[in-house]
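# Reading the structure
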Amino acid sequence: MTTTTSFTARDTAFVQDFHTMSAFGATENGGVDRQAATIPDGEQRRWLTGLLEEHGFTVKFDRAGNQWGLYEAVPGAPFVVVGSHMDSQPTAGRYDGAYGVLAAAHAAFRLVERWKAGAPAPRFNLAVVNWFNEEGSRFKPSMMGSSVYTGKLDLEEALNTRDAAGVTVRDALDAIGCRGSFEGPQAAYCAEIHIEQGRSMEREGITIGLVSSNWAANKYEFVVHGEQAHTGSTVIADRKDALLGASMLVVAARELADRFPGVLHTSVGQLNVYPNSPVVVPSRVNLLLDLRSADESVLAEADALLHARIADIERAANVTVEQHHSHSWAVTPYQPEGVELAAKVAAELGLSNKEVMTLAGHDSTNMKDLVPTVMLFVPSVDGISHNEHEYTKDEDIVAGLAMLTEVVGRLCDGALEE
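Residues numbered from 1 in each chain as written. Predicted model: local features only at pLDDT ≥ 70, side-chain atom pairs only at ≥ 80, totals over all residues. Heavy atoms only, no water.

## Here's the deal with the nonpolar core
In terms of nonpolar packing, the biggest core is built from 84 residues, with Phe14, Leu126, Leu376, Met403, Leu404, Val408 and Leu411 touching the most fellow members. By residue number, the principal contributor to this core is helix α3 (residues 98-116), which donates 13 residues. Of all hydrophobic cores here, the second largest spans 24 residues; its members include Val224, Ala242, Leu299 and Val319. (Core = buried A, V, L, I, M, F, W, Y, C linked by side-chain atoms within 4.5 Å. Buried < 20%, exposed > 50% of the residue type's maximum accessible area, 1.4 Å probe, protein only. Helix = DSSP H or I, 4+ residues; strand = E, 2+ residues; numbered from the N terminus.)

## So, the sheet that holds strand β6 (residues 208-214)
Taken together, the eight strands give an open sheet; going across it, the order is β1-β2-β4-β3-β5-β14-β6-β13, and neighbouring strands pair in mixed fashion. Here the strands that pair on one side only, and so sit at the sheet edges, are β1 (58-61) and β13 (353-358). Ignoring which end each strand starts from, the neighbouring axes of this sheet average 25 degrees apart. In this sheet, strand β14 (residues 373-378) lies alongside strand β5 (residues 187-195) in parallel orientation, the contact comprising six bridges. Across the sheet, Cys190 pairs through a bridge with Thr373, a residue of β14. Together, β6, β13 and β14 form the strand contacts of helix α10 (residues 336-349), whose direction differs from that of β6 by roughly 170 degrees. (Pairing = 2+ DSSP bridges. Axes fitted to C-alpha atoms, helices over the stretch in contact; angles between N-to-C directions. Contact = heavy atoms within 4.5 Å.)

## Observations concerning the UniProt feature "binding site: Zn(2+) 1" (unreviewed entry) in the protein chain
The UniProt entry lists His85, Asp96 and His194 under the feature "binding site: Zn(2+) 1" (unreviewed entry), expressed in the numbering used here. These annotated residues cover 110 residues of sequence, but their C-alpha atoms sit close together, with the largest distance between any two at 9.7 Å. Along the chain, Asp96 falls in the loop between β3 (79-85) and α3. If we skip the residues at most four places from it in the chain, Asp96 touches His85, Asp87, Glu135, His194, Ile195, Gln197, Ser385, His386 and Glu390. At 3.3 Å, the side chain of Asp96 and the side chain of Gln197 are in polar contact. As for its placement among the helices and strands, His194 is situated in strand β5. With sequence-adjacent residues up to four places away left out, His194 is seen in contact with Ser84, His85, Asp96, Gly97, His362, Met375, Leu376, Phe377 and Val378. In this structure the side chain of His194 is engaged in a polar contact, spanning 3.3 Å, whose partner is the backbone nitrogen of Gly97. (UniProt positions renumbered as here; feature names shortened; annotations may be inferred. Polar contact = N/O pair within 3.5 Å; in protein donor to acceptor, adjacent residues only side chain to side chain.)

## Considering the packing of helix α2 (residues 39-54) against α3
One can describe the packing of α2 onto α3 by two numbers: an axis separation of 11 Å at closest approach and a directional angle of 10 degrees. The angle between α2 and α3 places the two elements in the roughly parallel class. Across the interface between the two elements, Trp47, Leu48, Leu51 and Leu52 from α2 touch Val101, Leu102, Ala105 and Phe109 from α3. Its residues assigned to classes, the contact of α2 with α3 shows eight nonpolar, no polar and no charged. (Parallel < 35°, antiparallel > 145°, perpendicular 65-115°, else oblique. Nonpolar A, V, L, I, M, F, W, Y, C, P; charged D, E, K, R; others polar.)

## Comments concerning the packing of aromatic side chains
Summed over the entire model, instances satisfying the criterion amount to twelve aromatic pairs. Taking 5.9 Å as the distance between ring centres and 45 degrees as the angle between the ring planes, the aromatic pair formed by Phe24 and Trp47 counts as tilted. With a gap of 23 residues between them, Phe24 in the loop between α1 (9-21) and α2 and Trp47 in helix α2 connect regions that are remote in the sequence. Members of the aromatic cluster, joined through ring pairs, are Phe57, Tyr71, Phe109 and Trp115. Sitting over the face of the ring of Tyr274, Arg284 holds its NZ or CZ atom 4.9 Å from the ring centroid. Between the NZ or CZ atom of Lys368 and the centre of the ring of Tyr334, over which it lies, the distance is 5.4 Å. (Phe/Tyr/Trp six-rings, centres within 6.5 Å; stacked < 30°, edge-to-face > 60°. Lys NZ or Arg CZ within 6 Å of the ring centre and 35° of its normal.)

Following this line, the structure appears as structure tokens:
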């Protein structure tokens, strides 16, 4: 594994850029709050534009707010797309997504230097991407920008999406000057590097995770309807408590995870309670609930069990439950030839590696349905993510950069064309 004493000047420059990038939307506890199309998001996008242009890249924004740094080495050829996202959850960590964008930029800089220094010309061009609204914390659904690019989400539907304050994606992007007219480049291949957001790699001493597949997920928005009443004077038997019904859904989701230990993850990450007054029985609660598993039969069974509970919850809490499907994805593998290429590169670089699955969604999970895609992980200390204490060691982010550089270089050279 690389150590700080063996960092090159370019490695050090990368780490310094990472610290500079992390100042945009920085929180007091060492994290970031850089939600999609907020002022801090706009600031870091302008900073990234300057960094890319400084190294000879042309920067364009597409109609969905994705930011592209383009280097055309072969006029008219398609592009190898490499990147991740810089938007964050509220009070989030510095690494999730943002590391992958900066690593993509620095990998691209290193490859361009090689080509200019006399290395054989590539077969494909290079595009660094900062996908819009991967996190989905301000605007739903998540992975919005890559969903539009890959044709999974209609552009107008995305632009008309509103946040909790009623601001549309269109207006938010216009406010930070990041809605363009670019259609996006034609992709030939894609690569993304990301922190693992789990403990397995750190626990096993693995430097590079070779992502072979994703878990399946079903995401829902439930609206629990009750009736406003006085919390003191209204007889318990007469209450139609929407928050009670919502709480039962939360418990039901956790009980499902306990029923399928280790193979099913469930959560309720957001509750919006109305009118949210200390002396009013809530009349409405919106909640987002998701189920995830690598085993689609387990996911289907858990999904059926969850929906079977709804009628019982309605009776017990004297409420009605309205369901909206948010979005879902199946278990789909990354192209095995990409995994094999990455394994070969890791071995040549002397980096310990293993095949892993991704439990979280990433923009590459959309891209792999469009073009052959390589997804890489570096370790997360203690598996902490979506948390201000999220951390990955400098030697690991530098090793990941070296790995990404070689993988992207070979994709640009046409290593998967044969």
